[in-house]
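Coordinates in review
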Amino acid sequence: MDILRAEHIRKNFGSQHVLTDLNFSVSKHSIFGLIGKNGSGKTTTMKMILGLIKPTSGSIYVCGEKVAYGDTPTNRHIGYLPDVPEFYGYMTAREYLKLCGEITGVRRSEIHKRTDELLCLVGLNGVNRKIHSYSRGMKQRLGIAQALLNEPELLICDEVTSALDPVGRKEILDLLSAAGKRATVIFSTHILSDVERICDQIGVLNNGQLELQGPLNEIKQDYRQEALQIETLTPDQAPVLAAHLKALPFISKAEVSGRTVNVQLNHYEENSLDIIRLLASESIPILKYERLEPTLENVFMDVIR
Amino acid sequence: MSGFTAFFKKEIVEYLRSYKALILLCVFIIFGMMSPLLAKMMPDILSHQAINGITLNIPKPTFYDSFGQFFKNLSQMGMAVLLLIFGGVLSQDLSKGTLIMLLAKGLSRHAVILAKFAAALILWTASYAFAVMIQWGYTLYLFDKLPVPHLFFSLFCLWLFGIFILTILLMSSTLVGGAYSGLFLTTAALGALIVCQFIPGTDRFSPLALASDNAGLMTGAANLHHAVTAVWITVILIVSALAVSLVVFKKKSI
Ligand SMILES: Nc1ncnc2c1ncn2[C@@H]1O[C@H](COP(=O)(O)OP(=O)(O)OP(=O)(O)O)[C@@H](O)[C@H]1O
Ligand SMILES: [Mg+2]
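Being a predicted model, the structure only gives us computed values, none of them experimental.

So, how was this worked out
Residues numbered from 1 in each chain as written. Chains lettered and ligands numbered in written order. Predicted model: local features only at pLDDT ≥ 70, side-chain atom pairs only at ≥ 80, totals over all residues. Heavy atoms only, no water. Helix = DSSP H or I, 4+ residues; strand = E, 2+ residues; numbered from the N terminus. Rg over C-alpha atoms; globule rule 2.2 N^0.38 Å. Buried < 20%, exposed > 50% of the residue type's maximum accessible area, 1.4 Å probe, protein only. Contact = heavy atoms within 4.5 Å. Lys, Arg positive; Asp, Glu negative; His and termini not counted. Charge placed at Lys NZ, Arg CZ, Asp CG, Glu CD. Near = heavy atom within 4 Å. Polar contact = N/O pair within 3.5 Å; in protein donor to acceptor, adjacent residues only side chain to side chain. Areas by Shrake-Rupley, 256 points an atom, 1.4 Å probe, with all protein chains shown as cover. Expected span 1.5 Å × (residues − 1). Arc of directions from axis to C-beta. Buried area = accessible area lost by both parts, 1.4 Å probe. Salt bridge = Lys/Arg side-chain N within 4 Å of Asp/Glu carboxyl O. Nonpolar A, V, L, I, M, F, W, Y, C, P; charged D, E, K, R; others polar. Pairing = 2+ DSSP bridges. Domains from an automatic or database assignment. UniProt positions renumbered as here; feature names shortened; annotations may be inferred. Axes fitted to C-alpha atoms, helices over the stretch in contact; angles between N-to-C directions.

**Comments concerning the overall build of chain A**
Tallying secondary structure elements over chain A gives ten helices and 14 strands in all. In terms of overall size, chain A is more extended than a compact globule, its C-alpha atoms giving a radius of gyration of 25 Å where 305 residues would be expected to give roughly 19 Å. Buried residues in chain A amount to 52% of all 305 residues. Taking contacts inside chain A between residues at least 6 apart in sequence as the whole, the part at least 24 apart equals 65%. A gap of 7 Å separates the mean positions of the 35 positive and 37 negative side-chain charges of chain A.

**Structural notes on the site of ligand 1**
Residue and element names in this part refer to chain A. Taken together, 13 residues sit near ligand 1, with Q16, G39, K42, T43 and T44 positioned nearest. Between ligand 1 and T43 there is a distance of 2.6 Å, counted from an oxygen atom to a side-chain nitrogen or oxygen. A distance of 2.5 Å is found between an oxygen atom of ligand 1 and a side-chain nitrogen or oxygen belonging to T44. Expressed as a share of its isolated accessible area of 630 Å², the protein-covered part of ligand 1 is 61%. Among the elements of the structure, β2 (16-27) and α1 (42-49) are those that each provide at least two residues to the shell around ligand 1. Ranked by the residues each element gives to the shell around ligand 1, the list is headed by α1, at three residues.

**A word on helix α3 (residues 108-121) of chain A**
Residues and elements named next belong to chain A. Relative to the 20 Å expected for 14 residues at 1.5 Å per residue, α3 spans 20 Å between its end C-alpha atoms, a close match to the ideal helical length. Of the residues making up α3, those classed as buried are I111, R114, T115, L118 and L119. Summarising the axial view, the buried residues of α3 lie within an arc of 125°, below the 170-degree limit, and thus occupy one face. With respect to the buried face of α3, the exposed residues turned more than 90 degrees away are S109 and H112. Next to the buried residues of α3 lie α2 (93-104) and α4 (136-148). Among the residues trailing α3, G123 stands out with phi positive, at a value near 75°.

**A look at the side chain of S59(A)**
Counting through the fold element by element, S59(A) comes out in strand β4 (residues 57-62). If near-sequence neighbours (up to four positions away) are discounted, S59(A) is found in contact with R5(A), A6(A), E7(A), I9(A) and K66(A).

**Observations regarding the interface of chain A and chain B**
Each partner contributes to the interface: chain A provides 32 residues, whereas chain B provides 29 residues. At the boundary of chain A with chain B, total buried surface from both sides reaches about 2600 Å², with 56% on carbon and sulfur atoms. If you sort the residues of chain A by the area they bury against chain B, Y88(A), Y90(A) and I103(A) come out on top, with a joint share of 26%. Taken together, chain A and chain B are joined by three salt bridges. D71(A) is the salt-bridge partner of K250(B), the closest N and O atoms lying 2.8 Å from each other. Between the two partners, chain A and chain B, sit 13 residue pairs in polar contact (both at pLDDT 80 or more). Ranked by the residues each element gives to the side of chain A that touches chain B, the list is headed by α2(A), at seven residues. Of the residues that constitute the side of chain A that touches chain B, the class distribution is 18 nonpolar, six polar and eight charged.

**Some remarks on the pairing of β4(A)**
Residue and element names in this part refer to chain A. With five bridges joining them, strand β1 (residues 2-13) and β4 adopt antiparallel strand pairing. By the bridge assignment for β4, A6 is matched with I60. Two strands pair when backbone bridges link them, and β4 and strand β5 (residues 65-66) are joined in this way by two bridges, in the antiparallel orientation. From the neighbouring strand, Y61 faces β5, where its bridge partner is K66. Between the end of β4 and the start of β5, which pair antiparallel, lie two residues, with C63 showing a positive phi angle near 50°.

**Re α2(A)**
Between its first and last C-alpha, α2(A) extends 17 Å over twelve residues, near the 16 Å set by a 1.5 Å rise per residue. Of the positions making up α2(A), those classed as buried are A93(A), Y96(A), L97(A), L99(A), C100(A), G101(A), E102(A) and I103(A).

**Observations regarding the environment of K246(A)**
Along the chain, K246(A) falls in helix α8 (residues 237-246). On a C-alpha basis, the gap between K246(A) and L265(A) in space is 10.0 Å, while along the polypeptide they are 19 residues apart.

**Thoughts on the pairing of strand β13 (residues 260-265) of chain A**
Residue and element names in this part refer to chain A. Pairing analysis gives five bridges linking strand β11 (residues 227-232) to β13, with the strands arranged antiparallel. Bridge assignment links L228 to a residue of β13, and that residue is V263. Direction of pairing for strand β12 (residues 251-257) relative to β13: antiparallel, over a ladder of six bridges. Among the inter-strand pairings, E255 is bridged to a residue of β13, identified as N262.

**Things to note about the domain arrangement of chain A**
Residues and elements named next belong to chain A. If you check the domain split of chain A, you get domain 1 (2-86 + 135-214) and domain 2 (227-304). When each unit is reduced to the centre of its C-alpha atoms, the spacing between domain 1 and domain 2 is 40 Å. With eleven residues of domain 1 in contact, the opposing surface of domain 2 contributes seven residues. Both sides of the domain 1 and domain 2 interface together cover about 770 Å² of buried area, and 81% of this is carbon and sulfur. Linking domain 1 to domain 2 there are zero salt bridges. Counted by class, the side of domain 1 that touches domain 2 contains six nonpolar, two polar and three charged residues.

**Observations concerning the environment of A222(B)**
Residues and elements named next belong to chain B. Mapped onto the elements of the fold, A222 is located in the loop between α10 (214-219) and α11 (224-250). The class of A222 is buried, set by a relative accessible area of 18%. On a C-alpha basis, the gap between A222 and L90 in space is 36 Å, while along the polypeptide they are 132 residues apart. Among residues more than four places away in sequence, those in contact with A222 are D213, G216 and L217.

**Examining the UniProt feature "transmembrane region" (unreviewed entry) in chain B**
Residue and element names in this part refer to chain B. Listed under "transmembrane region" (unreviewed entry) in the UniProt record, and renumbered for this structure, are residues 21-39, 70-90, 111-138, 150-170, 182-200 and 227-249. The span residues 21-39 shows a helical share of 100% and a strand share of 0%, and its end C-alpha atoms are spaced 27 Å apart. Strand forms 0% of residues 227-249 and helix 100%; the C-alpha atoms that close the span are 32 Å apart.

**Comments concerning the sheet that holds β11(A)**
All names here are of chain A. A sheet is described by the order of its strands in space; here four strands give the open sequence β12-β13-β11-β14, paired in antiparallel fashion. With one partner strand each, in any of the chains shown, β12 and β14 (286-291) form the two edges of the open sheet. Adjacent strand axes in the sheet meet at a mean angle of 15° when their direction is disregarded. Against the sheet, α8 engages β11, β12, β13 and β14, with an angle of about 175° to β12. Against the sheet, helix α9 (residues 268-281) contacts β11, β13 and β14, and its axis sits at roughly 175° relative to β14.

Written as structure tokens, this is what we have:
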């Protein structure tokens, strides 16, 4: 079953049409990466899922229940981490989690236990300072802890990794990955390598709708560029090779850069042997021969172009 | 209304840790101590200013003057302090974005408004009560007791006016965004009330009467009947402002 479904969402801010017709669904136990340019409406979409802002039209369902604008009961299924989590600076992490627990209606004894577990999980145990002295990374971790407090079925994180250094990013991604074992995770980001690292589903938000959606590996298959990179032993062999390659009917482009020839071609699978035969018959020594993997970046650029 | 108790506790802790509670309490205690002293010393202060040998003949201050001074201080400076302390009552939480995570956790929006109102009400009432007790004690100590008609009613009027300010602040901050716009809107509303007072016949119905007729009620200069009308009007305004806050906040984009 789909844990989240959005149907024909439209959102205008005054005369600005941010979302025109957004449709998507997220199935249980997936890690869904929502990508899109600045201002494409990622945060807006997330806030609508939480009932914090009202769609101009359209409806959203969480666990089959319709999201109501204002106080929505569907939020009991959700843990949310905003892009810049703001806390009460005069509290300690423990006090803040206690407040969240009491609001969610977690039992008192349970709150204590969960708080200890979560602070350990995000590496904030033993930090007894007030939150106002926290770094952004620490706030982000505390944000994750509060989002996980009610053991949500759906975890929504808005640009969790944007403010973090590579080490912090890896830690947070590992946390999300682990959370993905129990919950469904939706997270937005600009950092495409983060998406490639942990997501299994992606959606690309562009022009007010989800222009591309599906399993990451399938999407990468579909956008597979037929490209090769061949590196010759010496620089003078590269142009020779390029000239020979260009003569082959299925090769559309062969560009030389130093010792490397960048090749674009059609139907690699059927024609690969011809290339190998050419290399052998012309006796061109090869240092490296690589079929280029499509990157999410190529896909993204392609979609938003 | 889930989360009322938790959020109410948070409000109280916030007032304590941001020293707002302490400041409010101290200021009002100072008002309670200062007013009788000021009333007592007023003749001395004035006679020192007598110039060119003209001696001012000032009547000996009484119990009335002490409370007159108290009402004057509280209805002007006291209300200004109230505005400053509670100026960011909801605006601050909204503009900083601290409410987002709590609302996403299922905190009810009605609970937010009611908890904020309850906490502010308690703080105001406590500070006011302290001020009144100290004022009472000092006045009894410094002056001879006189029968004061409607003193309690007068005190009640000022208390109610404080609540009126609190609810207008709360309502304003649900209506407009920004960290201090609630405060500005409230100040504007009070300004409008002051302007309205110049329309003949309206002054006695205005909530402002609750903060300006207090001394008059004691001496009999102000009409009790009018004051009671103003009380009812203010109560209706308070309830309406709360209702508007609840409804508007429920439907606010956050
Ligand atoms: N409250 C608002 N009032 C008016 N316009 C808004 C409001 N909130 C968002 N917008 C506009 O809607 C568009 C989408 O904003 P949103 O924050 O959803 O983008 P985003 O995809 O999260 O961007 P980013 O990657 O920068 O976080 C932006 O153009 C923004 O200016
Ligand atoms: Mg955003």
